[in-house]
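# Fold and contact review
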Amino acid sequence: MFQSSTAQAITIQNGKIIVPEHPIIPFMEGDGVGPEVMRSAQQVVDAAVAKAYNGSRSIKWKEVLAGQKAEKLTGSTLPEETLNTFKTCHVGLKGPLNTPVGEGARSLNVAMRKELDLYANFRPVKYYPPAPSPLLHPERVNAVLFRENTEDVYAGIEFAAGSDEAKALLEFFKTQSPENYARIRFPESSALGLKPISSDGSQRIVRSAIEYALQNKRKSVTILHKGNIMKFTEGGFMNWGYDVAEKEFATETYSMRLHKRLAAEQGEEAAKNALKEAKDSGKLIIKDMIVDAAFERSIAHPEDMDVLVTTNLNGDYLSDALAALVGGLGIAPGANINYLTGDAIFEAVHGTAPDIAGKDLANPCSLILSSVLMLRYLGWMEAADLVENSLSQTFANRTVTADFACQMENAVSCSTTQFTALLLQRI
């Protein structure tokens, strides 16, 4: 799709991306409404880049295949060429992909994250008034979630009930660990799964969250976990996260784990004074919270939720719940990033919506805002601001797609094409 001789791939030097004036950005349309929202996002991004840089910069889009389109043309839902192109170009944009529910069905999203080791799922959550929200004060929501992307139950280690593997694992528990075997209520009819969570995987995601919080002058990082029940996996995630903060960022952070020790050794008053001093000096507060309590806190006191970091399954649940507070997945951006290699894929986080595919009804905001994240990742802040401001202004005028219009008073319902045209006019 690109012809210009000035088109160049992004390169990586010492883990940092080097962006040429006309970078090649691979994209996959996705399934269902994917082609419609991708077309909208690309038009908006191209207009903003042209406006911001007077034509001196541009994105050279290169289509790669995945999902139903790839299977039809190549026989594979995720061709090796697609993965190789992302590895070569380092930064890409992805529409929603369909994964059938059932035996043997492979999640393409999970497969791509694994193959490219995109260990950080980055999900900022911000309110754009007057988007529909169940909260009385949705403007208080301004959270950033870092979800570990490669471990936990998403590692895919499962054994069907009655399978030879399940029987062998049950026999191992029965003979080698009878106390654990006794915890399985119905062993003969149980499917089994393993939940791997490592110190390496945990520490690199927590490290990325802390670095982001420091760079963006946030106030706190909260490690979310279920360590009260799963002591060694979820509890390990919490403890390994605190280890990173206390060993690698000791001068820039204040650890609530050490705070509790201080209170036990020197008294509550000494700990209270230490915490106040840390806040007054601008130190980043590192704390933890049981993840189910985090759901309640996000709804009752969303202003307390700043930078959040958690395990894979918890993050899957919580990211969608946070999105619901500011309008839903239709306006939720996301990215999958390896902060060590610089590789990143920015994506629509919603589903493929096959019931409205091809009807010009889709809300393109998720992919447009993910494109904003991509522009900021490239360092093209001026273009990113143009896109975000145009979307903000369009929302403020209550000109929205049908999914939002039906939930708002005095709103004007737009097709995907009409909504995109309004954004282009404001840019």
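Below: a short report on this structure. (Residues numbered from 1 in each chain as written. Predicted model: local features only at pLDDT ≥ 70, side-chain atom pairs only at ≥ 80, totals over all residues. Heavy atoms only, no water.)

## Observations concerning the overall build of the protein
Summing up its helical and strand segments, the protein has 16 helices and 17 strands in all. For the protein, whose C-alpha radius of gyration is 23 Å, the value lies close to the compact-globule estimate of 22 Å for 427 residues. The contacts of the protein with a sequence gap of at least 6 include a subset with a gap of at least 24, amounting to 73%. Surface summary for the protein: the accessible area is close to 20,100 Å², and the carbon and sulfur share equals 51%. (Helix = DSSP H or I, 4+ residues; strand = E, 2+ residues; numbered from the N terminus. Rg over C-alpha atoms; globule rule 2.2 N^0.38 Å. Contact = heavy atoms within 4.5 Å. Areas by Shrake-Rupley, 256 points an atom, 1.4 Å probe, with all protein chains shown as cover.)

## Quick notes on the sheet that holds strand β7 (residues 142-148)
Strand order in this open sheet of 11 strands is β4-β3-β5-β15-β14-β6-β7-β13-β10-β12-β11, and the pairing throughout is mixed. Strand pairing shows two members of the sheet lacking a second neighbour, β4 (60-63) and β11 (253-255), which therefore form its edges. Mean inter-strand twist for the sheet, computed between neighbouring axes without regard to direction, equals 25°. In terms of strand pairing, strand β3 (residues 24-28) meets β4 through four bridges, oriented parallel. Residue pairing across strands places Pro26 opposite Lys62, the latter belonging to β4. Across the face of the sheet, helix α3 (residues 80-89) comes into contact with β3, β4, β5 (91-94) and β15 (344-348) while running at roughly 150° to β3. (Pairing = 2+ DSSP bridges. Axes fitted to C-alpha atoms, helices over the stretch in contact; angles between N-to-C directions.)

## Structural notes on the environment of Ala48
One can find Ala48 in helix α1 (residues 34-53). Through-space distance from the C-alpha of Ala48 to that of Ala321 is 31 Å; in sequence the pair is 273 residues apart. When neighbours within four sequence positions are excluded, Ala48 is seen to be in contact with Ala383, Leu386, Val387 and Ile427.

## Thoughts on helix α11 (residues 291-300)
Within α11, the full set of buried residues consists of Val291, Ala294 and Ser298. Projected onto a plane normal to the axis of α11, the buried residues spread over an arc of 35° and lie on a single side. In the core, the buried residues of α11 are packed alongside β10 (220-225), β12 (284-290) and α12 (312-325). (Buried < 20%, exposed > 50% of the residue type's maximum accessible area, 1.4 Å probe, protein only. Arc of directions from axis to C-beta.)

## Some remarks on unusual backbone geometry
A cis amide bond links Pro129 to the next residue, Pro130, at an omega of 0°. Relative to the elements of secondary structure, Pro130 occurs in the loop between β6 (120-126) and β7. Look at Asn54: it is not a glycine, yet its phi comes out positive at around 50°. Relative to the helices and strands, Asn54 resides in the loop between α1 and β4. Phi is positive for His90, close to 75°, though the residue is something other than glycine. For His90, the location among the structural elements is in the loop between α3 and β5.

## Re the pattern of salt bridges
Evaluation of the coordinates by the stated rule reveals 20 salt bridges. Across the salt bridge formed by Glu248 and Arg207, the nearest N and O atoms sit 2.7 Å from each other. On the criterion of sequence distance, the pair formed by Glu248 in helix α8 (residues 234-248) and Arg207 in helix α7 (residues 199-215) is long-range, its members being 41 residues apart. Arg207 gets classed as partly exposed once you look at its relative accessible area, which sits at 23%. One salt-bridge network, held together by shared partners, links Lys126, Arg376, Asp385 and Glu388. (Salt bridge = Lys/Arg side-chain N within 4 Å of Asp/Glu carboxyl O.)

## Here we look at the packing of α1 against helix α14 (residues 381-396)
For the pair α1 and α14, the least separation of the axes is 8 Å and the interaxial angle reads 125°. In terms of orientation, α1 and α14 fall into the oblique class. Classified by chirality, the crossing of α14 by α1 is right-handed. Contacts from Val44, Ala48, Val49, Lys51, Ala52 and Tyr53 of α1 reach α14 at Met381, Glu382, Ala383, Leu386 and Val387. A breakdown of the residues in the contact of α1 with α14 according to their chemical character gives nine nonpolar, no polar and two charged. (Parallel < 35°, antiparallel > 145°, perpendicular 65-115°, else oblique. Left-handed = near helix turned anticlockwise from the far one by under 90°. Nonpolar A, V, L, I, M, F, W, Y, C, P; charged D, E, K, R; others polar.)

## Observations regarding the nonpolar core
Among the nonpolar cores identified, the biggest contains 96 residues, and Phe146, Ile210, Val221, Val309, Leu375 and Phe395 are the most heavily contacted of them. Sort the elements by how many residues they give to this core and helix α13 (residues 365-378) lands first, with nine residues. In contact with Phe146, other than residues within four places in its own chain, are Asn121, Phe122, Ile205, Ser208, Ala209, Tyr212, Val307, Leu308, Val309, Thr310 and Tyr339. Counting 13 residues, the second largest nonpolar core, distinct from the first, contains Met28, Phe86, Met112 and Leu116. (Core = buried A, V, L, I, M, F, W, Y, C linked by side-chain atoms within 4.5 Å.)

## Things to note about the side chain of Asp343
You can see Asp343 is positioned in the loop between β14 (333-337) and β15. For the buried Asp343, no salt bridge is present, and the opposite-charge side chain at shortest range is Lys87, 8.4 Å distant. At a separation of 2.6 Å, a polar atom in the side chain of Asp343 contacts the side chain of His90. What Asp343 contacts, discounting residues up to four positions off in sequence, is His90, Leu118, Asn336, Ile337, Asn338 and Tyr377. (Lys, Arg positive; Asp, Glu negative; His and termini not counted. Polar contact = N/O pair within 3.5 Å; in protein donor to acceptor, adjacent residues only side chain to side chain.)

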